[in-house]
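# Topology and contacts: notes
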Amino acid sequence: MKLTGIEAKRRRTALVLTAPNVLFVLAFCVLPLGVLFSYSFFQVDFVSILREPTFDNYNRIIHSETYRGLILKALIYGLGVAVLCGVIAYPLALFIAKRVNIYKSALLTLLLIPLYTGDLIRIFAWRVVLGAEGVLNSLLMWLGLIDEPIWFLLFSPFATTVVLTYNYLPFMLFPLWAAIEALDDSYMEAAMDLGSRDLGVFFRIILPLSGPGLVAGFLMVFVLVVGDYLTPQLMGGSSGVTVTSAIHDMFGAAFDWPTGSALAWLLLSSMALFVACVVYGFYRSPWGRGIRKQDK
Amino acid sequence: MKNRGGSILQGYAFAFYGFVYLPILLMGLFSLNSSNLIAFPLTGFTFNWYVQIFNDGRIFKGLLTTMAVAIPVTLITTVLGSMAALVLTRYQFRLKPLFAALLVLPFFVPKLIFAIAQVTFLNDIGMDKGLITVWISQSLIILPFVTIIIASVLYKIDKSLEEAAEDLGARPWQKFRRITLPLMKNGILAAAFISFVLSNAEYTVSFFTSGRVQPLSVLVASDFRFHLSPSLNALAMLIVLFNICIIIASEWLRRRKVHQ
Amino acid sequence: MSSDNSPTSSHLLEARGILKDYDTFRAVHAVYFDIPHNCFVTILGPSGCGKTTILRMIGGFESITAGSIHLEGVPIMDVMPYDRPINTVFQNYALFPHLRVEDNVAFGLKMRRMKKTEIRSRVNDALESVRMASLARRYPSQLSGGQQQRVALARAFVNEPKLLLLDEPLGALDLKMRRHMQVELKDLQKRLALSFLYVTHDQEEAFALSDIIIVMNSGRIEQIGTPVNIYHAPENTYVADFIGGANLLEGRLTEFDSSARRGHLETEIGTVEAACSGSVKPDEPASLCFRAEEIGVDTGIGGDISFKALVSHIIFQGSSKLVEVHTGKHKLIAKLDHDVPVTVGEPIKLAVAKAKLRIVHGSPVVAKEIH
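Residues numbered from 1 in each chain as written. Chains lettered and ligands numbered in written order. Predicted model: local features only at pLDDT ≥ 70, side-chain atom pairs only at ≥ 80, totals over all residues. Heavy atoms only, no water.

## Focus on the interface of chain B and chain A
Our working definition: Contacts between residues were defined by any pair of non-hydrogen atoms, one from each residue, lying within 4.5 Å. Buried area is understood as the total, over both parts, of accessible area removed when two parts are fitted together, assessed with a 1.4 Å probe. Within this document, salt bridges are pairs made up of a side-chain nitrogen of Lys or Arg and a carboxyl oxygen of Asp or Glu, the two lying within 4 Å of each other. Nitrogen and oxygen atoms within 3.5 Å of one another constitute a polar contact, given that in protein one can donate a hydrogen and the other can accept it, and given that sequence-neighbouring residues count only through two side-chain atoms.
On the chain A side, the residues contacting the 82 residues of chain B number 84 residues. Summed over both partners, the interface of chain B with chain A buries about 7,700 Å², with 79% contributed by carbon and sulfur atoms. For the chain B face of the interface with chain A, the top three residues by lost area are B:Tyr17, B:Phe40 and B:Phe224, together amounting to 8%. At the boundary of chain B with chain A, the tally comes to 2 salt bridges. Between B:Glu166 and A:Arg10 there is a salt bridge whose closest N-O contact spans 3.2 Å. The interface formed by chain B and chain A includes 11 residue pairs in polar contact (both at pLDDT 80 or more).

Laid out in structure tokens, this is it:
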């Protein structure tokens, strides 16, 4: 297409606005990740890093059951918490989108408060609640319901799962709410008119049409949980060894930056692969039809 | 049928918000409890833990560092975020999805990997960790939030207003200065508040890139890794209350219309 | 630039073969038209026909894919909207919500760095002329639709543009207000001695206001002419049908005199000899066109074409009635006096004066209903 003066000037303005952001992210995020990638091919020689390219790091990790297990564990946590978040968030998203009028923005703002307050304080609050001498245990003992503290409440996969779910619920809720909110009430009324009962309306109309929101939320939670570092560290106790903590160790005490970099990149690629599969699968599924149409 | 479904949903919503706010409320409750054990039964009311926090010089120093981080981060992210939001809502080009993906990339890269990437990068270019490195790394993570908030406001502004300004002879800068900026002002302010809060709360990346300048979040984290104390409760509660005020103000600004 | 493309400067604005592509979709096909000085020109067409795109290309909000636009002989295709001596009244008015009425109107003058006292008197005059001076301190949200409309007008013409563009400016108003504003608009255009380019889908509005109407359909211009011209001498079946729903009978052109622009058309009511519109060509489809009010009951007087038809519907309209009749495969509508005896299901003998018949290009578009 020929660019006339008008178009060219508009492009120039767009470029002026785009360039700083692109340069910022490229220079301080993409480039560092690239540097990290290059490190994954280096070797360690006692206390210095030998810059001779090798595939050894990747080889070692791929053949190590421990590292494979850690990556798998991270992916399973991601999957599990994402599903959990979906199940927990769905009814609330539906409630806020279709059953609330006046308090809608208040309810949404209430969800933003814990989100913006940061993971550190959220985790701290849960440790207060779940600790062995913490609020929940002491309450149950005080009430005489149990005789000794329930140990698995803190420093356990259970605690990790609870807090991960708590931390990332908003990332499921907001896209879901947006998707359901956008649904025209007339679809539901039409379905009801055609003899569908409440559950029928839900399974035939609301659920399929909110598919894109559900998948977006699912992927966000998945990616964030797989990459979470703090929660298992502070809530998981001895079960808190994760692929991210392993990477951290290699950049700390173990001083093995190359292996750490290789592990980091393997984690990134397995996450990306999983996300790509889900997106592709969704796009090709009947649920993705809505998205495909919008593209045209 | 519909009513029963409705009341079930309503009960669920109550339970949900209970789940979300219970830990925070309990934290608040025990910040006012006189015992230094955080456990039931309650022993009595006290403000001592708060007094202790206000008298802790270390925390005050950390707070100053936090401000030295948060204020520049807020400036960087609102300027860059405004530009990005303008691009996303006002211009059409083929690579726009790629641009959006690039913007959110830093947030979705696992924080630890992002942090060690910063570390190796700084090591390679021979730059010392300090305030500037925290500004940059925090800004990258916070930028997506700021962009979305500003874009949500820009999206609601009728594009023909800007066309009308051009039509009446306003050059791009005048158009921005006299029309777009006044109309998006609330969005920028709302985003700045959130940016400030997010910067205060950020821990993982700050921990790796801050070096010797330790903001409050890094200080407190090392404390509570090893022991919980009611004074930490009090501090956390103060932060939460502060955040609540700022977030409510931000949401109020974001939803407010200009002269309606 | 070829010689026939070069602007002659006798017109205010000359659009030469402007077209607009959006990716694979061609929104506007190379169109040619002129806007004379001091003239009310209307682009009339259904929604999505490309009329707003044309307006936006002239305003500079859309680039043109090909072609040229000259304003007083000067090419303006590459001129940014803020440098074009053209102003626009937007469909939804686009009044700046954060500025008072007076500041809205003063905006364009401020951009030109005019002196403050000068701005004040000009703004006052402009508001005076749309009877809005008393509300100058209000914000747009405190005004009614009609008041906002007047402010939008004042804000545009206070800059003394060479051409004023109006994009369905009355679309959001109710019928009564619309009629009222039509009169004001026409009055304003005459007073300002300024050319208006007006876009609407409402043909009544176009007839009431325009000196020249450009009829558009799916990205193409179907006809350019005065309202009288467009109504009484439509070029083709599209215009004939779109403007007031003329009766159309499909036919076959048996004789055609291209210099006199007359021809013989074989139709189901007989072969008629009539004037042809400019676009009629020998081997292309042609139709016979006449208006409902030009049909009368056959009185046997010479000079008429008479035909038999079957009455299928009658709609009472006060002093007259609309009668839908069938002749073979065509449905026609006749406007008859209220006292003419007609019965549904009965045959009737009708007639049209030969002088009123016209042969136009194209086949009848679709079966018509009584509007």
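## A short note on the side chain of B:Gln174
Counted only if it meets this: Here a strand is any run of E in DSSP of at least two residues, a helix any run of H or I of at least four, and the numbering for each starts at the N terminus.
Structurally, B:Gln174 is set in helix H8 (residues 172–201). When neighbours within four sequence positions are excluded, B:Gln174 is seen to be in contact with B:Gly169, B:Ile179, C:Met111 and C:Arg113.

## Focus: the interface of chain A and chain C
Listed by partner, the interface residues are 7 residues for chain A and 13 residues for chain C. Buried surface at the junction of chain A and chain C, summed over both partners, amounts to about 860 Å²; 56% is from carbon and sulfur atoms. Here chain A and chain C share 0 salt bridges between them. Remark: the boundary between chain A and chain C carries 3 residue pairs in polar contact (both at pLDDT 80 or more).

## Section: the pattern of salt bridges
Residue and element names in this part refer to chain C. This is how it is decided: Buried means the residue's accessible area, taken with a 1.4 Å probe over protein chains only, is under 20% of the maximum for its type, while exposed means over 50%, and partly exposed covers the values in between.
Tallied over the entire structure, the rule returns 29 salt bridges over all chains. Here Glu184 ties to Arg150 by a salt bridge, and the two come within 3.2 Å at their closest N and O atoms. Note that Glu184 is positioned in helix H5 (residues 175–192) and Arg150 in helix H4 (residues 145–157), a separation of 34 residues in sequence. Each member of the pair Glu184 and Arg150 is classed as buried. The salt bridge involving Arg262 is made with Glu273; its shortest N-O contact spans 2.9 Å.

## A look at helix H10 (residues 211–226) of chain A
As a reminder of what qualifies: What a helix should span is 1.5 Å times the count of its residues minus one.
The terminal C-alpha atoms of H10(A) lie 22 Å apart, and with 16 residues this matches the ideal 22 Å at 1.5 Å per residue to within 8%. Burial runs high along H10(A): 13 of the 16 residues are buried.

## Some words on the side chain of A:Ser245
Residues and elements named next belong to chain A. Of note, Ser245 is situated in helix H12 (residues 243–251). Of the residues examined, Ser245 reaches a relative accessible area of 6% and is grouped as buried. Setting aside anything within four residues of it in sequence, one finds Ser245 in contact with Tyr229, Gln233 and Gly240.

## A short note on the pairing of strand E14 (residues 286–290) of chain C
Residue and element names in this part refer to chain C. Here is the rule we go by: When DSSP locates at least two bridges between a pair of strands, those strands are taken to pair.
Counting buried positions over the 5 residues of E14 gives 5, a clear majority of the element. Burial along E14 is two-sided: the face carrying Ala286, Leu288 and Phe290 and the face carrying Ser287 and Cys289 are both buried. As paired strands, strand E11 (residues 247–257) and E14 are joined by 5 bridges and run antiparallel to one another. Its bridge partner being in E14, Leu249 is matched across the sheet by Leu288.

## What about unusual backbone geometry?
Residues and elements named next belong to chain C. If you check the backbone angles, Arg113 has positive phi at about 55 degrees while not being a glycine. Summarising the element assignment, Arg113 is placed in the loop between helix H2 (101–111) and helix H3 (116–129). According to the relative accessible area criterion, Arg113 is exposed, its value standing at 69%. The backbone of Ser218 shows a phi angle near 35 degrees, a positive value even though the residue is not glycine. Structurally, Ser218 can be placed in the loop between strand E9 (212–217) and strand E10 (220–225). Residue Ser218 is classed as partly exposed on the basis of its relative accessible area of 47%.

## Brief notes about the sheet that holds strand E4 (residues 66–71) of chain C
All names here are of chain C. An order of E2-E1-E4-E5 is seen for the 4 strands of this open sheet, with the pairing classed as antiparallel. Two strands close off the open sheet at either side, each with one partner strand: strand E2 (25–35) and strand E5 (74–75). Taken together, the 2 bridges between E4 and E5 define a ladder with antiparallel strand orientation. Paired with Leu71 across the strands is Val74, a residue of E5.

By themselves, these figures tell us nothing about what the structure is for.
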